[in-house]
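If you want the building blocks of each chain, they are given just below.
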Amino acid sequence: MRKNIVAGNWKMNMTYQDGLALVSEITNMVADETLGANVEVVIAPPAPFLHSVGKLLAEGGKIHLGAQNCHQKESGAYTGEISAKQLQSVGVEYVILGHSERRQYFGEDDELLSQKLKAVLAAGLKPIFCIGESLETREADETFAFLTTQLKNGLFHLSNEEFAQVVIAYEPIWAIGTGKTATSQQAQEVHAFIREQIAGAYDAEAALNTTILYGGSANAQNARELFSQPDVDGGLIGGASLKSRDFTEIIKSF
Ligand SMILES: O=C[C@H](O)COP(=O)(O)O
């Protein structure tokens, strides 16, 4: 049975001090809650905070540590970069890959992302692989063709065993950080489509077992409606993961 996941992607926000305070608030709030059945919570802070945040999360025991990126090589002369093995060594379990911001601002393409995916999986980590169309693509009525290509080039080269470790995040670019959320019907339509594509590329069981998250201006007000859709298995949360009360409300939305 697939997991429900709420993952907070802090992006390049917070100082170290503010970040640790936020994690303490969230762990305290979550400690008092009985999380919904089969719900996993992930926090992906900026890389310099990973070790300390991981220690705090380990004390609470309910929230898992995620990273926002990693390099495709195992080690070597790559100044400023961080390998999957290094992430694993500080307690990281999930790595966000293919985020539209990395595709757009850092030129990450399918070829590079496939190398990063392999590196993450080889280190025993779970990728949260992001896909999503621009407003232009949606308005041209090319969303499904675009997503099919992203899935095929980005993910479907993985073996069945590798693919079983992957979480997919559908993030329509036009909804990221804009306050413009996809309607629950739009999200459901795309998530069901993604599941169909997985069934075609692998099999029905793989499709049923894959967690597919929605991302893009999800918040404490709309999470319940989004998560109630049959093919929406949680969220990749940006802005609203920076406020303890909002993030906790989202976690409780299942
Ligand atoms: O990784 C998170 C997504 O890009 C969503 O960001 P947002 O919730 O601020 O729109």
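Residues numbered from 1 in each chain as written. Predicted model: local features only at pLDDT ≥ 70, side-chain atom pairs only at ≥ 80, totals over all residues. Heavy atoms only, no water.

Moving on: the overall build of the protein. Secondary structure assignment for the protein yields twelve helices and eight strands. Expected size for 254 residues packed as a compact globule is a radius of gyration near 18 Å; at 17 Å, the protein falls within 12% of this value. Projected onto its principal axes, the C-alpha coordinates of the protein cover approximately 45 × 45 × 35 Å. Residues classed as buried in the protein amount to 50% of the 254 residues present. Positive and negative charge centroids in the protein, built from 20 and 31 side chains respectively, lie 4 Å apart. (Helix = DSSP H or I, 4+ residues; strand = E, 2+ residues; numbered from the N terminus. Rg over C-alpha atoms; globule rule 2.2 N^0.38 Å. Buried < 20%, exposed > 50% of the residue type's maximum accessible area, 1.4 Å probe, protein only. Lys, Arg positive; Asp, Glu negative; His and termini not counted. Charge placed at Lys NZ, Arg CZ, Asp CG, Glu CD.)

All right, on to the pattern of salt bridges then. Under the defined criterion, the tally for this structure stands at twelve salt bridges. Between Arg195 and Asp231 there is a salt bridge whose closest N-O contact spans 2.5 Å. In this pair, Arg195 is assigned in helix 9 (residues 184–201) and Asp231 in the loop between helix 11 (223–227) and strand 8 (234–237), connecting sequence segments 36 residues apart. When sorted by exposure, Arg195 lands in the same class as Asp231, which is buried. Through salt bridges with shared partners, a single ionic network connects Arg2, Arg195, Asp231 and Asp233. (Salt bridge = Lys/Arg side-chain N within 4 Å of Asp/Glu carboxyl O.)

In this section: the sheet that holds strand 2 (residues 39–44). With respect to topology, eight strands assemble into a closed barrel ordered 1-2-3-4-5-6-7-8, the strand pairing being parallel. For this sheet the average axis-to-axis angle between neighbouring strands, irrespective of direction, equals 30°. As paired elements, strand 5 (residues 126–131) and strand 6 (residues 167–170) share four bridges and run parallel to each other. Its bridge partner being in strand 6, Cys130 is matched across the sheet by Ala169. This element, helix 2 (residues 50–60), spans strand 2 and strand 3 (63–67) of the sheet and lies at about 165° to strand 3. Running at roughly 165° to strand 1 (residues 4–9), helix 12 (residues 244–251) makes contact with strand 1, strand 2 and strand 8 of the sheet. (Pairing = 2+ DSSP bridges. Axes fitted to C-alpha atoms, helices over the stretch in contact; angles between N-to-C directions. Contact = heavy atoms within 4.5 Å.)

Next up on the list: the site of the ligand. Taken together, Asn9, Lys11, His99, Glu171, Ala175, Ile176, Gly177, Gly216, Ser217, Leu236, Gly238 and Gly239 make up the full set of residues near the ligand. Contacts to the ligand include Glu171, whose side-chain N or O atom sits 3.2 Å from an oxygen atom. Within the backbone of Gly239, an N or O atom sits 2.8 Å from an oxygen atom of the ligand. About the coverage of the ligand: the protein hides 95% of its 310 Å² of free accessible area. When its residues are assigned to classes, the shell around the ligand shows three nonpolar, seven polar and two charged. (Near = heavy atom within 4 Å. Polar contact = N/O pair within 3.5 Å; in protein donor to acceptor, adjacent residues only side chain to side chain. Areas by Shrake-Rupley, 256 points an atom, 1.4 Å probe, with all protein chains shown as cover. Nonpolar A, V, L, I, M, F, W, Y, C, P; charged D, E, K, R; others polar.)

Considering the arrangement of structural elements, one finds Gln72 in the loop between strand 3 and helix 3 (84–89). With sequence-adjacent residues up to four places away left out, Gln72 is seen in contact with Leu112, Gln115, Lys116 and Ala119. Only 3.5 Å separates the side chain of Gln72 from the side chain of His71, close enough to count as a polar contact.

UniProt feature "binding site: substrate" (unreviewed entry): in the numbering of this structure it lies at Asn9, Trp10, Lys11, Gly177, Ser217, Gly238 and Gly239. A maximum C-alpha distance of 13.9 Å places the annotated residues, which cover 231 residues in sequence, within one compact spot. Looking at the element boundaries, Trp10 is found in the loop between strand 1 and helix 1 (16–31). Those residues in contact with Trp10 that sit more than four places away from it in its chain are Gly19, Leu22, Val23, Ile43, Ala44, Pro45, Pro46, Phe49, Gln68, Ser241 and Leu242. On the secondary structure map, Lys11 appears in the loop between strand 1 and helix 1. For Lys11, the residues in contact, after removing those within four places along its chain, are Pro46, Gln68, His99, Glu101, Ile176 and Gly238. (UniProt positions renumbered as here; feature names shortened; annotations may be inferred.)

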